[in-house]
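Residue strings, one per chain:
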Amino acid sequence: MGTTASKSMRNVFGETLTELTQQDARTVALDGDLGNSTRLAFVEKENPSAFLQMGIAEQNMVGVAAGLASCGQIPWVCSFGAFISRRAYDQIVVSVDQPSLNVKLVGSYSGLLTSNTGKTHHSFEDIAMMTLLPNMVVLSPGDALEARQAMEAMQRYDGPVYLRLSRDETLDILPGSDRKFAIGKSYQLASGQNVACLSTGAMTPRVYEAVQNLQEEGVHVTHLHFPTIKPLDEQAIVAAARQHDHLITIEEHFVAHGFGGMVSRVTSRDEPVRMTRIGIEDAYSQCGKDPELLDEHGLSSDALTERLRTIYEQVSSS
Amino acid sequence: MDQLIMHAAGIRKGVIETVYQQKQGHVGGPLSAADILSVLYFDIMTIKPEDPDWPERDRFVLSKGHSAIGLYVTLALRGYFPYAELATFDALHSRLQAHPDMTKLPGLDMSTGSLGQGISSGVGMALAAKRQNKAYKTYVLLGDGESQEGQVWEAARVAERYQLGNLVVIVDANNLQQYGWQSDDKNGRDTPDSNHGAKWKAFGWNVSEVDGHDISALKETLQHITSAPDGKPKAVIAHTVKGKGVSFMEGNFKWHSNVPTDEEFEHAMSELEEV
């Protein structure tokens, strides 16, 4: 399976949401004054009646979406991941998740790569915050095509969903155009021995490259991609834990309470296994160019190649 | 008109009885809002209690969600559920949660309880009506203390920008909150905000001020303002007295949330019976 440069997730997000508003008049996009960044602007341009500018006021924006949903509309609320999760969390809990309203929350520019904007715009908490909520589905697609499919699934699903998107271009990581995203399902991208890598979101293409680098060296590790973080594909995690000596989770999020934490909750209960959780360590980050930040946090393909090889060698020699 | 006065008295009695029996709940706020609830549910609003999800119904959001018991008594009197169910208020597994839960009780258009949020969902309901060309109106009952939340003004701004003439916010301006500020008032606390009308006007809303315990004035104001031809969202500043209807509760912040003793209960009920 080859990798090719993909369209950026945010462009596909804007295009897909435009189509969804055109297909179903109940669908409406709410912008927190970031439409030109998040590409929600595509909706305003192509279908202006389906676009509502809520201004720089995320708390109200989430509440308005709840009211729209209570009247049968399908609101898609979009802001940067940092702002929608942290700034409007009580509104998400009380007005959206407790009544389980059909609101689609989109955290654009999630994770580490936020166009050189630094600490305030990084969202390393959103997976933890959103997966905590009992009624929330949390999706974290790995490339542009998967983002489109995840959005189509969200539109069909009746209930609150958080979609975690990244800003920049990703690689097409999964083979073919016939793949079918399904909420709650993980995908195996490579099979190997001893070590299994479990990744989510925009980290997956970088892990995929690292796994390919290792394959060229004759080192074969398993790689599973999780575009859904909640509900988690627990069956696949347990199977991976049974078949390997060591699991590695990799995410663009604080390691303390993110995807890796959720995976370890499953393994500690059902199939205890040694794990390494890779992500953002327990400190805030800073501004910098994408490659610089990825290197700084050991999350570039090259850095991951090194880290995975080291773990593989340790596991295989013990 | 007499009927609306009787319903308001019935709401007040139901509130006092329920809070006394359940030893739980807020008193002062529901009493200040009783006349407003009576006029809305027994006169102004187009609703079908037998079909609470009727898509064309007017919407009501209790943004000051801690006054839930006032709304529950109103809904019971209006026939949404058996009056006897009020006896379950605030109890484990009850549909009548301390703060409104729309997933449990039919007739609730929104879940509230964290202040400042209900008005935003009301804006969403009014926007939904416009998008679907529906005639229903959305009524939001907001507390004056609640208006300290910044989200209220985020909502006010968006409602004006989208010219939500189908949205009516009623401010229950009872000048008290749970604790408030020290003051020279006889009870020593108040909510120092006498300029509600000017604030809503400054946000571009069509504003009316009314005695929130004058049933006929309330009815006339709501009828007048909802038929206004302009596209401005409507704010009715209802000047009220916290604890209204029970002399020893009126204007005393301690009755924000307090359970009457046996003696206080008898006293309160006898005053309300006189209406």
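Now for a description of the structure that goes with this document. Residue positions are given per chain, counting from 1 as you read along its sequence in written order. The lettering of chains begins at A and the numbering of ligands begins at 1, in the order of writing. Local features are withheld for residues below a pLDDT of 70 in this predicted model, meaning they are given only at 70 or higher, and side-chain atom pairs are given and counted only at 80 or more; totals for whole chains, interfaces and linings count all residues. Values shown for side chains rest on all heavy atoms present in the structure; no hydrogens or waters enter the calculation.

### A look at helix 7 (residues 215–226) of chain B
All names here are of chain B. Rules: Here a strand is any run of E in DSSP of at least two residues, a helix any run of H or I of at least four, and the numbering for each starts at the N terminus. Helices are assigned an expected span. That span is 1.5 Å times one less than the residue count. Classification of residues uses two cut-offs on accessible area relative to the type maximum, computed with a 1.4 Å probe and protein chains only: under 20% is buried, over 50% is exposed, and between them is partly exposed. Read the arc as the range of directions from the helix axis to the C-beta atoms.
In this model, helix 7 (12 residues) spans 16 Å end to end at C-alpha, consistent with the 16 Å of a helix rising 1.5 Å per residue. Of the positions making up helix 7, those classed as buried are Ile215, Leu218, Lys219, Thr221, Leu222, Ile225 and Thr226. Across the axial projection of helix 7, the buried residues extend over an arc of 165 degrees, all falling on one side. Among the exposed residues of helix 7, those pointing more than 90 degrees away from its buried face are Glu220 and His224.

### A word on the pattern of salt bridges
Residue and element names in this part refer to chain A. Just so we agree on the cut-off: What counts as a salt bridge is simple: a side-chain nitrogen of Lys or Arg found within 4 Å of a carboxyl oxygen of Asp or Glu.
Scanning the entire structure with this criterion turns up 21 salt bridges over all chains. For Arg148, the salt bridge identified is with Glu19, shortest N-O distance 3.0 Å. Here Arg148 is found in helix 8 (residues 144–156), whereas its partner Glu19 is found in helix 1 (residues 9–23), with 129 residues between them in sequence. Exposure remark for Arg148: the relative accessible area of 21% places this residue in the partly exposed category. In this structure Glu19 comes out as partly exposed when scored by relative accessible area, which is 31%. Residues joined by salt bridges that share partners form a network here, namely Glu234, Arg265, Arg269 and Asp270.

### A look at the environment of Ser264 of chain A
Tracing the backbone shows Ser264 of chain A in helix 11 (residues 259–270). Taking the C-alpha atoms as reference, Ser264 of chain A lies 9.6 Å from Thr276 of chain A; in sequence the two are 12 residues apart.

### A look at the packing of helix 2 (residues 28–44) of chain B against helix 3 (residues 68–77) of chain B
Residues and elements named next belong to chain B. This is how it is decided: Every axis in this analysis is a line fitted to C-alpha atoms, fitted for helices over the stretch in contact. Angles between the N-to-C directions lie between 0 and 180 degrees. When the near helix sits turned anticlockwise from the far one by under a right angle, the crossing is termed left-handed; a clockwise turn instead gives a right-handed crossing. Contact between two residues is taken to exist if any of their heavy atoms lie within 4.5 Å; hydrogens are not considered. Polar here means any residue other than Ala, Val, Leu, Ile, Met, Phe, Trp, Tyr, Cys and Pro, which are nonpolar, and Asp, Glu, Lys and Arg, which are charged; Gly is therefore polar.
Between helix 2 and helix 3, whose axes approach to 9 Å, the crossing angle comes to 35 degrees. Considering the relative orientation of helix 2 and helix 3, their crossing is right-handed. Across from Pro30, Leu37, Tyr41 and Phe42 in helix 2, the residues of helix 3 making contact are Ile69, Gly70, Leu71, Thr74, Leu75 and Leu77. Residue classes in the contact of helix 2 with helix 3 are distributed as 8 nonpolar, 2 polar and no charged.

### Side note on a nonpolar patch on the surface
The following threshold applies: Patches here: salt-bridge-free residues with over 30% relative accessible area, like charges joined within 9 Å, nonpolar side chains (Val, Leu, Ile, Met, Phe, Trp, Tyr) joined within 5 Å. For the accessible areas, the method is Shrake-Rupley and the probe is 1.4 Å, while residue cover comes only from the protein chains on display.
A grouping of Met1, Ile5 and Val275 of chain B is seen on the molecular surface, where their side chains present a nonpolar patch of about 250 Å² in accessible area. On the basis of relative accessible area, Ile5 of chain B is assigned to the partly exposed category, the value being 34%.

### Things to note about the interface of chain B and chain A
As a reminder, the rule being used: Throughout, buried area stands for the accessible area (probe radius 1.4 Å) lost by two parts on being put together, summed over both. Counting of polar contacts relies on pairs of N or O atoms within 3.5 Å, with two restrictions inside protein: one atom must be capable of donating a hydrogen and the other of accepting it, and residues adjacent in sequence are counted only when both atoms are side-chain atoms.
Taken together, the contacts link 23 residues of chain B with 29 residues of chain A. Summed over both partners, the interface of chain B with chain A buries about 1900 Å², with 56% contributed by carbon and sulfur atoms. On the surface where chain B and chain A come into contact, there are 0 salt bridges. Summed over the shared surface of chain B and chain A, the number is 13 residue pairs in polar contact (both at pLDDT 80 or more). Every element with two or more residues in the side of chain B that touches chain A is listed here: helix 4 (118–131) and helix 5 (150–161) of chain B.

### What to know about the environment of Thr204 of chain A
With respect to the helices and strands, Thr204 of chain A occurs in helix 9 (residues 203–216). As for Thr204 of chain A and Ser301 of chain A, which are separated by 97 residues in sequence, their C-alpha atoms are 10.0 Å apart.

### Comments concerning the pairing of strand 7 (residues 234–239) of chain B
All names here are of chain B. Heads up, the condition is: When DSSP finds two or more bridges between a pair of strands, those strands are recorded as paired.
Summarising burial for strand 7: 5 of the 6 residues are buried, a large majority. In this sheet, strand 7 lies alongside strand 3 (residues 167–173) in parallel orientation, the contact comprising 6 bridges. The residue of strand 7 that forms the bridge with Val168 is Lys234. When strand 6 (residues 206–211) meets strand 7, the two strands line up parallel, connected through 6 bridges. Bridging from a neighbouring strand, Val210 pairs with Ala238 of strand 7.

### Quick notes on the sheet that holds strand 2 (residues 27–31) of chain A
Residues and elements named next belong to chain A. The strand order across the open sheet built from 7 strands is 3-2-4-5-7-6-12, with neighbouring strands paired in mixed fashion. The open sheet has two edge strands with one neighbour each: strand 3 (51–53) and strand 12 (228–230). Across the sheet, the mean angle separating the axes of adjacent strands is 20 degrees when strand polarity is ignored. When strand 2 meets strand 3, the two strands line up parallel, connected through 3 bridges. Opposite Leu30, over in strand 3, you have Leu52 as the bridge partner.

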